[in-house]
Amino acid sequence: MRAIDYERPTTLEAAIAVYSSGGTSARYIAGGTTLYDLMKLGVEKPTHLIDITSITNLERIETEGDVLRFGSMALMSDVAETVTVRTEYPLLSESLLKAASQQLRNMATVGGNLLQRTRCPYFRAGQGVYPCNKRQPGSGCAAIGGMDRGQAILGASDACNAVSPGDWPVALTALDATVEIMGTRGHRSFPLAELYRLPEETPQTEHSLDGGDIITAITIPKTAAGRASTYHKIRDRESFAFALASAAVAIEIEEAVVRDVRIALGGVATMPWRARQAESVIVGRTLTRELAVEAGRAAFQDARPGRHNRFKIDLGVQVVADALMIAAGRNVR
Ligand SMILES: Cc1cc2nc3c(=O)[nH]c(=O)nc-3n(C[C@H](O)[C@H](O)[C@H](O)COP(=O)(O)OP(=O)(O)OC[C@H]3O[C@@H](n4cnc5c(N)ncnc54)[C@H](O)[C@@H]3O)c2cc1C
């Protein structure tokens, strides 16, 4: 039995102060839907749990003005059901509704979703069962050269090929989202793309937050491409499963010419993956199924499959192509 200090501060400042007293073994807890799992598995062993659910104003959803702004404590289900999100940014709504289950979405927050950890089975196995550089730096990686069917084919290193699990961060990546942070250095914000790190030689370092930083909000610049958008997710079963390959696509077509397109990939990479090479194939041209497949191939041109996950290239190409055609079908100019 391990003792755990539990506190429930009501201000950001108090939460950060409590975190500082707990050092590297402190953890914030929001919906708890993934942190408690990781504690039961022995992957996370916090000595201090800081419940941030009583901090006021972190759950606000704002859709007026030039940006969408989601407080980090907004529930996944509430954001998914917000009318503006459903109608003007279907890729956001779909990325949330295709994640987890209704019960989980009613507990889980959009901020906690950004920091969920990989579902790599070697990472989540008991301590010392398999080598895992993410869990125990320097121990090796059982997935590389092992059973790697679910592992990443983009962004992997010789140290780690664990897939980034979230759907919502993929949709946010397509829309150039920004995260707002409060920490010991005060308030700051930066692009979501800068939150995540490639595994390289240090897969245990997954994001660029300082200890004690709290994500307070996520903002998205409004774009005309949002309306013609989709989050297309393929998985082993139709619900309650993580992506084998997914694509978030938003597109703006005027007089049959693609003016703007955003493509991001999930289920295939070590972090939410913006597919800029695929975007450049399409912009300024007329979208056809053939061109959509060409864009899909461009998205995977740098893929490095292992022994059992080569299928993700063909699957991913079709997912990108299908997502482009679905999104284009919603372009009603
Ligand atoms: C069975 C199951 C199936 C799932 N399927 C999917 C799926 O298909 N797709 C998908 O995307 N997700 C899926 N999930 C993951 C789920 O979406 C996440 O568990 C959830 O979004 C996490 O949110 P939370 O508020 O519960 O986070 P918590 O568990 O409370 O926290 C997660 C992490 O984030 C940190 N944290 C939380 N909030 C903040 C903050 N504001 N600032 C700084 N740090 C913070 C915590 O310290 C912790 O490390 C699944 C989960 C389960 C259990």
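Here the structure is a predicted model, which is why all the values come from computation and not from measurement.

Definitions and limits used
- Residues numbered from 1 in each chain as written.
- Predicted model: local features only at pLDDT ≥ 70, side-chain atom pairs only at ≥ 80, totals over all residues.
- Heavy atoms only, no water.
- Helix = DSSP H or I, 4+ residues; strand = E, 2+ residues; numbered from the N terminus.
- Buried < 20%, exposed > 50% of the residue type's maximum accessible area, 1.4 Å probe, protein only.
- Phe/Tyr/Trp six-rings, centres within 6.5 Å; stacked < 30°, edge-to-face > 60°.
- Pairing = 2+ DSSP bridges.
- Axes fitted to C-alpha atoms, helices over the stretch in contact; angles between N-to-C directions.
- Contact = heavy atoms within 4.5 Å.
- Near = heavy atom within 4 Å.
- Polar contact = N/O pair within 3.5 Å; in protein donor to acceptor, adjacent residues only side chain to side chain.
- Nonpolar A, V, L, I, M, F, W, Y, C, P; charged D, E, K, R; others polar.
- Domains from an automatic or database assignment.
- Disulfide = S-S within 2.5 Å.
- Salt bridge = Lys/Arg side-chain N within 4 Å of Asp/Glu carboxyl O.

Structurally, Gly145 is set in the loop between helix H8 (121-124) and helix H9 (168-174). Gly145 sits in the partly exposed class, given a relative accessible area of 45%. Note: C-alpha distance between Gly145 and Pro199 (54 residues apart in sequence) is 17 Å.

All right, on to unusual backbone geometry then. A positive phi angle is found at Asp176, which is not glycine, with a value near 55°. Among the secondary structure elements, Asp176 is positioned in the loop between H9 and strand E6 (178-183).

Glancing now at the packing of aromatic side chains. We describe a pair of aromatic rings using the distance from one ring centre to the other and the angle between the two ring planes. Within the structure shown, the criterion is met by three aromatic pairs. With a centroid separation of 4.9 Å and 40° between ring planes, the pair formed by Tyr19 and Tyr28 is classed as tilted.

Tracing the chain through its elements places Gly128 in the loop between H8 and H9. Residue classification places Gly128 among the exposed positions, given a relative accessible area of 61%. For Gly128 and Ser139, which are eleven residues apart along the polypeptide, the C-alpha to C-alpha distance reads 9.2 Å.

As summarised here, the arrangement of the three strands in space is E1-E3-E2, forming an open sheet in which the pairing is parallel. With partners counted over all chains shown, the strands left at the sheet margins are strand E1 (5-7) and strand E2 (26-29), one partner each. The sheet shows a mean angle of 20° between the axes of neighbouring strands, direction not considered. Pairing analysis gives three bridges linking E1 to strand E3 (residues 48-51), with the strands arranged parallel. Pairing of Tyr6 across the sheet is with Leu49, part of E3. Lying on the sheet, helix H1 (residues 12-22) is in contact with E1, E2 and E3; it crosses E2 at an angle near 150°.

Okay, the site of the ligand next. Around the ligand sit 30 residues in total, of which Tyr28, Gly32, Thr33, Thr109 and Asp167 are the nearest. For the ligand, an oxygen atom lies 2.8 Å from a polar atom in the backbone of Gly32. Between the ligand and Gln116, the relevant distance is 3.3 Å, taken from a nitrogen atom to a side-chain nitrogen or oxygen of the residue. At the level of elements, E2, helix H2 (35-40), helix H7 (110-114) and strand E8 (214-221) are the ones that each hand at least two residues to the shell around the ligand. For the shell around the ligand, the residue count by class is 16 nonpolar, ten polar and four charged. Split by domain, the shell around the ligand shows at least three residues from each of two domains, domain 1 (5-54) and domain 2 (226-329).

Attention shifts here to helix H5 (residues 90-97). For an α-helix the count is 3.6 residues per turn, leaving residues at separations of three or four pointing the same way. Among the eight residues in H5, seven count as buried, and that is most of the element. Along H5, the residues that are buried comprise Pro90, Leu91, Leu92, Ser93, Glu94, Ser95 and Leu96.

Below, the discussion takes up the sheet that holds strand E7 (residues 186-191). Within the open sheet, the five strands sit side by side as E4-E5-E8-E6-E7. Their pairing is antiparallel. The open sheet has two edge strands with one neighbour each: strand E4 (61-62) and E7. Relative to E8, E6 runs antiparallel, the two sharing five bridges. Note on E8: the bridge partner recorded for Met182 is Ile214.

Glancing now at the state of the cysteines. Counted according to the given criterion, the structure contains zero disulfides. With no disulfide of its own, Cys120 lies closest to Cys132 among cysteine sulfurs, the gap being 6.0 Å. Using a relative accessible area of 8% as the deciding quantity, one classes Cys120 as buried. Unpaired in terms of disulfides, Cys160 finds its nearest cysteine sulfur in Cys141, a separation of 5.7 Å. What makes Cys160 buried here is its relative accessible area of 6%.

Here the focus is the domain arrangement of the chain. Segmentation of the chain into domains returns domain 1 (5-54) and domain 2 (226-329). Using C-alpha coordinates to define each centre, domain 1 is positioned 36 Å away from domain 2.

With that settled, the discussion passes to the pairing of strand E11 (residues 257-266). Counted residue by residue, E11 has eight buried out of ten residues, so it is predominantly covered. Two strands pair when backbone bridges link them, and strand E10 (residues 245-254) and E11 are joined in this way by nine bridges, in the antiparallel orientation. Among the inter-strand pairings, Ala247 is bridged to a residue of E11, identified as Leu265. The sheet contact formed by E11 and strand E12 (residues 273-274) spans two bridges and is antiparallel. What sits directly across from Leu265, in E12, is Trp273.

Here the structure, examined in full by the defined rule, presents 23 salt bridges. For Arg117, the salt bridge is made with Glu206, and the minimal N-O distance between the two is 3.1 Å. Taken as a pair, Arg117 in the loop between H7 and H8 and Glu206 in the loop between E7 and E8 lie far apart in primary sequence, 89 residues in all. For the pair shown, Arg117 and Glu206 are each scored as buried. For Asp236, the salt bridge is made with Arg149, and the minimal N-O distance between the two is 2.9 Å. Separated by 87 residues along the polypeptide, Asp236 in the loop between strand E9 (229-234) and E10 and Arg149 in the loop between H8 and H9 bring together distant segments of the chain. The structure contains a network of salt bridges with shared partners spanning Arg27, Glu44, Arg117, Lys134 and Glu206.

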